[in-house]
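Geometric and topological summary
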Amino acid sequence: MRCRPFPLSVPRPSKRTALPSQGRRSIRTGVAMANEPMENEQGTALAAIDAAIRIIPDFPQPGILFRDITPLLADPKAFALAQALLLERARSFSPDAIVAVEARGFLFGAPLALDLAVPLVPVRKPGKLPADTHSVDYGLEYGTDRLEIHSDALARGARVLLVDDLLATGGTVRAAADLVERLGADVVGALFLIELTGLGGAERLAEAHIGVSALLRC
Ligand SMILES: O=P(O)(O)OC[C@H]1O[C@H](OP(=O)(O)OP(=O)(O)O)[C@H](O)[C@@H]1O
Ligand SMILES: Nc1ncnc2[nH]cnc12
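Keep in mind that this is a model prediction, so the values were computed, not measured.

As a further point, take the overall build of the protein. Of regular secondary structure, the protein possesses 6 helices and 10 strands. Across the 218 residues of the protein, 36% fall into the buried class. Here the contacts in the protein between residues at least 6 apart in sequence split such that 62% fall between residues at least 24 apart.

Laid out in structure tokens, this is it:
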């Protein structure tokens, strides 16, 4: 395994809040389980997810080790495992809305919003959203960019879970959090497939009081 599994850093849903459909289910089959040891099954699933992520050196520029999720997307079993584990974590935040960041964040955020039956709100690159927007500039591991959100996308006080594929410097999700807060909603956490450690992302989000959960740490 090239990345380390990142254990649950948020409380599991309590029996009180768990719906019948939220009970423990086999990651492989989706079937409810009685006493199977969750940790071993998670470890196996995380190893399969990790194995489906390809590392491309020097993309998009020299010195960057690019984590390519396209083999994961092309492997329905590994993709389903990743979504099942992300869903378990997402539930524990009890979000009212999922805010997902263009483009790769959409791939993981959209199925989570459907499974949780909460609104999906896209945060997009500039010039893509047709109605009135708020925008913010931010820095990337490789370059700078701007993000936008529709001004009417979130209710004031909504509990928002931010979703993206990967946390590097934290600039993207910090910018998305700024947009959410400008709309008067509350960021309850940030969920990732991969956290790259050593780039200060989790620390940067902690400064903004945003807790991070990720399936893999690299
Ligand atoms: O933590 P950070 O340093 O901000 O980096 C992480 C962001 O970088 C990547 O997106 P990218 O901007 O490359 O866009 P894409 O999803 O459209 O490929 C990735 O999907 C995250 O959104
Ligand atoms: N190293 C990396 N691999 C994939 N996506 C990224 N986004 C920012 N840094 C990245």
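Another aspect to go through is helix α5 (residues 171–182). Under the 1.5 Å per step criterion, the end-to-end length of α5 is 17 Å for 12 residues, consistent within 8% with the ideal 16 Å. Within α5, 9 of the 12 residues are buried, which leaves the element mostly enclosed by the surrounding structure. Within α5 the residues assigned to the buried category are Gly171, Thr172, Val173, Arg174, Ala175, Ala176, Ala177, Leu179 and Val180. Note on α5: the residue one or two positions beyond its end, glycine 184, has a positive phi of about 85°.

Before going further, it helps to spend a moment on the sheet that holds strand β10 (residues 212–217). The 6 strands are arranged β1-β10-β9-β8-β4-β5 in an open sheet whose pairing can be described as mixed. Unpaired on one side and paired on the other, β1 (4–5) and β5 (120–123) mark the two borders of the sheet. Bridge count for β1 against β10 is 2 bridges, and the pairing is antiparallel. When the sheet's bridge partners are listed, proline 5 is paired in β10 with leucine 216. Taken strand by strand, helix α4 (residues 104–116) contacts β4 (97–101), β5, β8 (159–167) and β9 (186–195), and its axis lies near 140° from that of β8.

Ranked by internal contacts, the top residues of the largest apolar core, which has 57 residues, are Val99, Val160, Leu162, Ala176 and Leu193. Every residue in contact with leucine 162, bar those within four places of it in the chain, is listed here: Val99, Val173, Ala176, Ala177, Val187 and Ala190.

Once that is clear, we can look at unusual backbone geometry. Residue proline 60 follows phenylalanine 59 across a cis peptide bond; omega there is 0°. Within the secondary structure, proline 60 is located in the loop between β2 (54–57) and β3 (65–68). With an omega dihedral of -5°, the bond running from glutamate 102 to alanine 103 counts as a cis peptide bond. Locating alanine 103 in the fold gives a position in the loop between β4 and α4. Positive phi is not limited to glycine here, since histidine 209 has a value of about 60°. When you line up the elements, histidine 209 lands in the loop between α6 (201–207) and β10. Residue histidine 209 is classed as exposed on the basis of its C-beta count, with 8 C-beta atoms lying within 10 Å.

Another point: the site of ligand 1. Around ligand 1, the structure places 18 residues, and the nearest of them are Ala103, Arg104, Ala168, Thr169 and Thr172. Among the elements of the structure, α4, β8 and α5 are those that each provide at least two residues to the shell around ligand 1. The greatest single-element share of the shell around ligand 1, amounting to 4 residues, is contributed by β8. Here the residues of the shell around ligand 1 sort into 6 nonpolar, 6 polar and 6 charged.

The next subject is the pairing of β9. Along a regular strand, successive side chains alternate from one face of the sheet to the other. Judged by how many residues are buried, β9 sits mostly within the fold: 8 of 10 residues are covered. As for the winding sense of the linkage, the β-α-β connection from β8 through α5 to β9 is right-handed. Pairing between β9 and β10: 5 bridges, direction parallel. Of the residues in β10, the one forming a bridge with phenylalanine 192 is alanine 214.

This paragraph deals with the packing of helix α3 (residues 76–91) against α4. At a minimum axis distance of 10 Å, the contact between α3 and α4 shows a crossing angle of 60°. Accordingly, the angle class assigned to the pair α3 and α4 is oblique. For the crossing formed where α3 meets α4, the hand is right-handed. On α4, the residues that touch Gln83, Leu86, Leu87, Ala90 and Arg91 of α3 are Phe108, Pro111, Leu112, Asp115 and Leu116. Here the contact of α3 with α4 is built from residues that sort into 7 nonpolar, 1 polar and 2 charged.

Reading the values: the criteria
Residues numbered from 1 in each chain as written. Chains lettered and ligands numbered in written order. Predicted model: local features only at pLDDT ≥ 70, side-chain atom pairs only at ≥ 80, totals over all residues. Helix = DSSP H or I, 4+ residues; strand = E, 2+ residues; numbered from the N terminus. Buried ≥ 20, exposed ≤ 12 C-beta atoms within 10 Å, placed from the backbone. Contact = placed C-beta atoms within 7 Å. Expected span 1.5 Å × (residues − 1). Pairing = 2+ DSSP bridges. Axes fitted to C-alpha atoms, helices over the stretch in contact; angles between N-to-C directions. Core = buried A, V, L, I, M, F, W, Y, C linked by C-beta atoms within 7 Å. Near = placed C-beta within 6 Å. Nonpolar A, V, L, I, M, F, W, Y, C, P; charged D, E, K, R; others polar. Right-handed = clockwise from strand over helix to strand, strands pointing away. Parallel < 35°, antiparallel > 145°, perpendicular 65-115°, else oblique. Left-handed = near helix turned anticlockwise from the far one by under 90°.

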